[in-house]
Amino acid sequence: MRKKEMEERRERRIIMFPLPLTGHLNPMIELAGIFHHRGFSVTILHTSFNSPDPSRHPRFTFRTIHHNKEGEEQDPLSQQEVRAMDLFALIRVMKQSYAEPFQVGVPRVVLRTTSVASVCAFAAFPLLREKGYLPIQDYTLDDPVIELPPLKVKDLPVIETKDPEELYRIMKDMVEGAKSSSGVIWNTFEDLERLQLIDLSRNFQVPFFPIGPFHKYSEDLPSTKNNKEDYAITDWLDKQEPKSVVYASFGSLAAIEEKEFLEIAWGLRNSEQPFLWVVRPGLVRGVEWLPCGFMENIGQKGKIVKWANQLEVLAHPSLGAFWTHCGWNSTLESICEGIPMICTPCFTDQRVSARYIVRCMASWDNVGTK
Ligand code: UDX
């Protein structure tokens, strides 16, 4: 791009406002890097809850937006009732307290951080209710959803809640919000989701920009190697055989039961492969304990950490497989490094992604055996 054109663009500012959760913040920071590289000035508005670290991204302007409703002094996101896992409470607070300043009439483009396939399913909720797929009945779990192949009923991206009507409302708002925008940016690419993009764009009728995977085009990556634990992980990976390590990680939000946690522990041990397992605080609902002597038994063969620089881990030559919850960022990051996935989806869009991953892998196997 010519210098003059670049200078003109710097005068144009893009303002970004992410949902304050890692799975949304990460791709938005990456996208901000793409915009900046193309010459735009970028401001990231954020809540004080889960705020990004401005010192890591000196090229962007960061502004905290404070909640300032009359009579309420405390930032609602800091209140006890809002837990990161309580998506509904989080979205409710975001809408009640932060929506107003955004009704200012500037052109609005939506960033969707999930797959297009999952948004196809969200957008089909009214039809799925009409046809009786929703609310889900246990005896239908393995039935195909004829309208959304290859999904089965158990893959539909619902969130367990006492108030399903609220879920339907949130999904309707999300779809309507995108339809009334100036366009939708997707962290995906055409070769991966061509048919879904064609299908959904007919229904949405606004321009679509499938310009992902962002982390491959951006100079601004959310996590950089900067602590002792990251170096220790790389040291450990360096000592393993090529393509031998099973990396197990379930993203930033998912919570599993104690029973599942133990099954994963035994699965990793019994695989007899070296493994790197991210057990972040909050991963286990209940008590996070490993059987007596588990780690001693494993010795150097297994490593358990609280967090890892996932992009670096997946790119390491010793990586052989990724045991994932199929969060969309994790899925894209794994595809980009060509790492086969073991899928244990936990909630919402992860189930949709898991179905597509399994279907893709099955078709590769068929190609291999023909
Ligand atoms: C959730 C949804 O699962 C996801 O589908 C949606 O698009 C956004 O919200 P999350 O569950 O956190 O996100 O999973 P994922 O989308 O995989 O994002 C996790 C991010 O954290 C990835 O970018 C991953 O690289 C990073 N991560 C995760 C680490 O850097 N280290 C870790 O130890 C775990």
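Residues numbered from 1 in each chain as written. Predicted model: local features only at pLDDT ≥ 70, side-chain atom pairs only at ≥ 80, totals over all residues.

1. Examining the overall build of the protein chain
Stage number 1. In terms of regular secondary structure, the protein chain is built from 14 helices and 13 strands.
Stage number 2. Since a compact globule built from 370 residues should have a radius of gyration of about 21 Å, the 21 Å found for the protein chain is in line with a globular shape.
Stage number 3. Taken over the C-alpha atoms alone, the protein chain extends approximately 60 × 55 × 50 Å along its principal axes.
Stage number 4. Scored against the burial criterion, the 370 residues of the protein chain give a buried share of 31%.
Stage number 5. By sequence separation, contacts in the protein chain at least 24 residues apart represent 69% of the contacts at least 6 residues apart. (Helix = DSSP H or I, 4+ residues; strand = E, 2+ residues; numbered from the N terminus. Rg over C-alpha atoms; globule rule 2.2 N^0.38 Å. Buried ≥ 20, exposed ≤ 12 C-beta atoms within 10 Å, placed from the backbone. Contact = placed C-beta atoms within 7 Å.)

2. Overview of the environment of Trp307
Stage number 1. Of note, Trp307 is situated in the loop between β11 (302–305) and α12 (310–315).
Stage number 2. Along the backbone, Trp307 and Arg280 are 27 residues apart, and their C-alpha atoms lie at a distance of 6.0 Å.
Stage number 3. Non-local contacts of Trp307, meaning those with residues more than four positions away in its chain, are made with Val278 and Arg280.

3. Remarks on helix α13 (residues 328–337)
Stage number 1. In terms of burial, α13 is a largely internal element, seven of the ten residues being buried.
Stage number 2. Three or more residues of α13 are buried, namely Trp328, Asn329, Ser330, Thr331, Leu332, Glu333 and Ser334.
Stage number 3. Just downstream of α13, Gly338 is the residue with a positive phi angle, here 70°.

4. Description of the sheet that holds strand β9 (residues 275–278)
Stage number 1. Overall, parallel pairing links the five strands, which are arranged β11-β9-β7-β12-β13 in an open sheet. Either end of the sheet is taken by a strand with one partner, and the two such strands are β11 and β13 (341–343). Going across the sheet, the axis of each strand differs from the next one's by a mean of 15°, ignoring polarity.
Stage number 2. Where strand β12 (residues 319–324) lies against β13, three bridges are found, and the strand directions are parallel. Paired with Thr324 across the bridge in β13 is Cys343.
Stage number 3. Packed on one face of the sheet, helix α10 (residues 258–270) meets β7 (245–249), β9 and β11 and runs near 170° to β7. (Pairing = 2+ DSSP bridges. Axes fitted to C-alpha atoms, helices over the stretch in contact; angles between N-to-C directions.)

5. Quick look at the site of the ligand
Stage number 1. Around the ligand sit 26 residues in total, of which Gly23, Gly251, Gln310, Gly327 and Ser330 are the nearest.
Stage number 2. Mapped onto the shell around the ligand, the elements with two or more residues apiece are α2 (22–37), α12, α13 and α14 (349–369).
Stage number 3. For the shell around the ligand, the two domains that each supply at least three residues are domain 1 (3–216) and domain 2 (228–366). (Near = placed C-beta within 6 Å. Domains from an automatic or database assignment.)

6. Examining the packing of helix α4 (residues 116–123) against helix α7 (residues 190–204)
Stage number 1. Two elements in contact, α4 and α7, have axes whose closest approach is 9 Å; the angle formed by their N-to-C orientations is 35°. In this structure, α4 crosses over α7, and the sense of that crossing is left-handed. The segment α4 lies against α7, with Val116, Ala117, Val119, Cys120 and Ala123 engaging Glu193, Gln196, Leu197, Asp199, Leu200 and Asn203.
Stage number 2. Within the contact of α4 with α7, the residues separate by chemical class into seven nonpolar, two polar and two charged. (Left-handed = near helix turned anticlockwise from the far one by under 90°. Nonpolar A, V, L, I, M, F, W, Y, C, P; charged D, E, K, R; others polar.)

7. Section: the domain arrangement of the protein chain
Often the size quoted for an interface is simply the accessible area lost on bringing the parts together.
Stage number 1. For the protein chain, the assigned domains are domain 1 (3–216) and domain 2 (228–366).
Stage number 2. One C-alpha centre belongs to domain 1, the other to domain 2; they are set 25 Å apart.
Stage number 3. The element best represented in the side of domain 1 that touches domain 2 is α2, accounting for four residues.

8. Things to note about the pairing of strand β5 (residues 183–186)
Stage number 1. The pairing of strand β4 (residues 109–112) with β5 spans four bridges and is classified as parallel. Paired with Leu111 across the strands is Ile185, a residue of β5.
Stage number 2. Bridge analysis of β5 against strand β6 (residues 208–210) gives three bridges, and the strand direction is parallel. Its bridge partner being in β6, Trp186 is matched across the sheet by Pro210.

9. Let's talk about the sheet that holds β4
Either a parallel or an antiparallel arrangement is found when strands of a sheet pair, and the pairing is made through backbone hydrogen bonds.
Stage number 1. Taking strand neighbours across the sheet as the criterion, the three strands line up as β4-β5-β6 in an open arrangement whose pairing is parallel. Every interior strand has two partners, whereas the edge strands, β4 and β6, have only one. When strand polarity is set aside, the average angle formed by the axes of neighbouring strands in this sheet is 20°.

10. Thoughts on the nonpolar core
One recurring pattern in soluble globular proteins: nonpolar side chains tend to sit buried together.
Stage number 1. In terms of nonpolar packing, the biggest core is built from 56 residues, with Ala32, Cys120 and Ala121 touching the most fellow members.
Stage number 2. Take this core: its biggest share by element is seven residues, from α4.
Stage number 3. Dropping the residues within four chain positions of it, Cys120 is found in contact with Leu148, Gln196, Asp199 and Leu200. (Core = buried A, V, L, I, M, F, W, Y, C linked by C-beta atoms within 7 Å.)

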